[in-house]
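What the coordinates show
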Amino acid sequence: MMSARNRVDHPATLGLVLAGGLARRMGGGDKALIRVGGVPLLDRVVAVLRPACTALVINANGDPVRFGAALPVVPDSVPGFAGPLAGVLAGLDWAAANTPDIDWVASVPADCPFLPADLVVRLHAARAAADADLAVAASGGRSHPVIGLWPVRLRDGLRQALTSEGERKVGRFVARYRTVSVEWSAEPVDPFFNVNAPDDVAEAARVLACAPPASYQP
């Protein structure tokens, strides 16, 4: 397992890169391996998470070899591509089984090339200040609950929601708990811009060619 020593003042955290989507609008395949500015999206995301996280894992289904051997690859335990909540559950379960000293998981999708360098730090600070259960990112007045901070202790509740209730909406699930939303500016570039379609790849490359967002530190 590749890990990074926690170099900031917040609780030990597992960084979880969600790469289990079907990428239908991209024609299938792994969005995490798409290159933007010559660098795979996965590498860009990992570069942001690594300084703030004690350990990192990738959530993805299928053959893990395609991601290399640098990080553990954790598949969904819920069948049928149940969406990002299944990926979060996989990360929470992995943390409980492999890193019992880690109580928090920071989840991010693999297709966000401009994640802010202060993401994990600010999520922790806001959650602690509000004495909330969860913290989620927001920008431009819009919440991004897939980008969030999760306590490992919620894994049984999440499993129940997924398997017994058929819950698939991240926003609806986090609304069950005390959740604080942490806002980032969407100007000049939304830090949570995600690559969903071929045009988004071109747009991300254009942004990087002009000037990377100030908060992005690969």
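Scroll up to find the structure.
Structural notes, computed from the coordinates. Quick caveat, the model's predicted, so the values are computed rather than measured.

From N to C terminus, the protein chain includes six helices and nine strands. For the protein chain, with 218 residues in total, the buried portion stands at 50%. Approximately 9,800 Å² of the protein chain is accessible, and the part contributed by carbon and sulfur atoms is 53%.

As a further point, take the pattern of salt bridges. Taken as a whole, this structure holds 12 salt bridges when the rule is applied. Across the pair R159 and D156 runs a salt bridge, and its minimum N-O distance is 3.4 Å. With R159 and D156 both in helix α4 (residues 155-163) and three residues apart, this pair spans about one turn of that helix. Of the residues examined, R159 reaches a relative accessible area of 27% and is grouped as partly exposed. We note a salt bridge from R176 to E165, for which the minimum N-O separation is 2.6 Å. One end of the pair, R176, is in the loop between α5 (170-174) and β9 (179-184); the other, E165, is in the loop between α4 and α5, with 11 residues separating them in the sequence. Residue classification places E165 among the partly exposed residues on the basis of a relative accessible area of 43%.

Reading across from one edge, β5-β4-β1-β6-β8-β7-β9 is the order of the seven strands in this open sheet, with mixed pairing throughout. Sheet topology places β5 (73-74) and β9 at the edges, where each strand pairs with a single neighbour. Note: strand β7 (residues 134-139) against β9, six bridges, orientation parallel. Bridge pairing in β9 links A137 to V182. Sitting on the sheet, helix α1 (residues 41-49) touches β1 (13-18), β4 (55-59) and β6 (104-109), and the angle it makes with β1 is about 165 degrees. In the packing of helix α3 (residues 119-130) onto the sheet, the strands contacted are β1, β6, β7, β8 (142-151) and β9, and the crossing angle to β9 comes to about 140 degrees.

Using the criterion set out here, one finds four aromatic pairs in the structure. A centroid spacing of 5.8 Å and a plane angle of 35 degrees characterise the contact between F114 and F193, whose relative ring orientation is tilted. Of this pair, F114 sits in the loop between β6 and α3 while F193 sits in the loop between β9 and α6 (198-210), and the two are 79 residues apart along the sequence. Taking the relative accessible area as the measure of exposure, F114 reaches 1% and is therefore buried. In this structure an aromatic cluster arises from ring pairing among W150, F173 and Y177. The lysine or arginine in question, R122, covers the ring of W184, its NZ or CZ lying 4.3 Å from the ring centre.

Moving on to the environment of F193. A C-alpha to C-alpha distance of 8.4 Å links F193 and D111, two positions 82 residues apart in sequence. If sequence neighbours within four positions are ignored, F193 has contacts with D111, C112, P113, F114, D200, E203 and A204.

With that settled, consider the pairing of β6. Burial analysis of β6 places six of its six residues in the buried class, the great majority of the element. Neither face of β6 is open: one carries W104, A106 and V108, the other V105, S107 and P109, and all of them are buried. Strand direction decides the pairing type here: β1 and β6, joined by six bridges, are parallel. Paired with L18 across the bridge in β6 is P109. Sheet analysis places β6 next to β8, joined by four bridges and oriented antiparallel. Among the inter-strand pairings, A106 is bridged to a residue of β8, identified as L149.

Moving on, we get to the packing of helix α2 (residues 84-98) against α4. Relative orientation of the contacting elements α2 and α4 amounts to 145 degrees, with a least axis distance of 10 Å. Where α2 crosses over α4, the two elements pack in a sense that is left-handed. Listed contacts from α4 to L85, A86, V88, L89, L92, D93 and A96 of α2 are R155, L158, R159 and L162. When its residues are assigned to classes, the contact of α2 with α4 shows eight nonpolar, no polar and three charged.

Conventions and cut-offs
- Residues numbered from 1 in each chain as written.
- Predicted model: local features only at pLDDT ≥ 70, side-chain atom pairs only at ≥ 80, totals over all residues.
- Heavy atoms only, no water.
- Helix = DSSP H or I, 4+ residues; strand = E, 2+ residues; numbered from the N terminus.
- Buried < 20%, exposed > 50% of the residue type's maximum accessible area, 1.4 Å probe, protein only.
- Areas by Shrake-Rupley, 256 points an atom, 1.4 Å probe, with all protein chains shown as cover.
- Salt bridge = Lys/Arg side-chain N within 4 Å of Asp/Glu carboxyl O.
- Pairing = 2+ DSSP bridges.
- Contact = heavy atoms within 4.5 Å.
- Axes fitted to C-alpha atoms, helices over the stretch in contact; angles between N-to-C directions.
- Phe/Tyr/Trp six-rings, centres within 6.5 Å; stacked < 30°, edge-to-face > 60°.
- Lys NZ or Arg CZ within 6 Å of the ring centre and 35° of its normal.
- Left-handed = near helix turned anticlockwise from the far one by under 90°.
- Nonpolar A, V, L, I, M, F, W, Y, C, P; charged D, E, K, R; others polar.

Read these as geometric descriptors, not functional statements.
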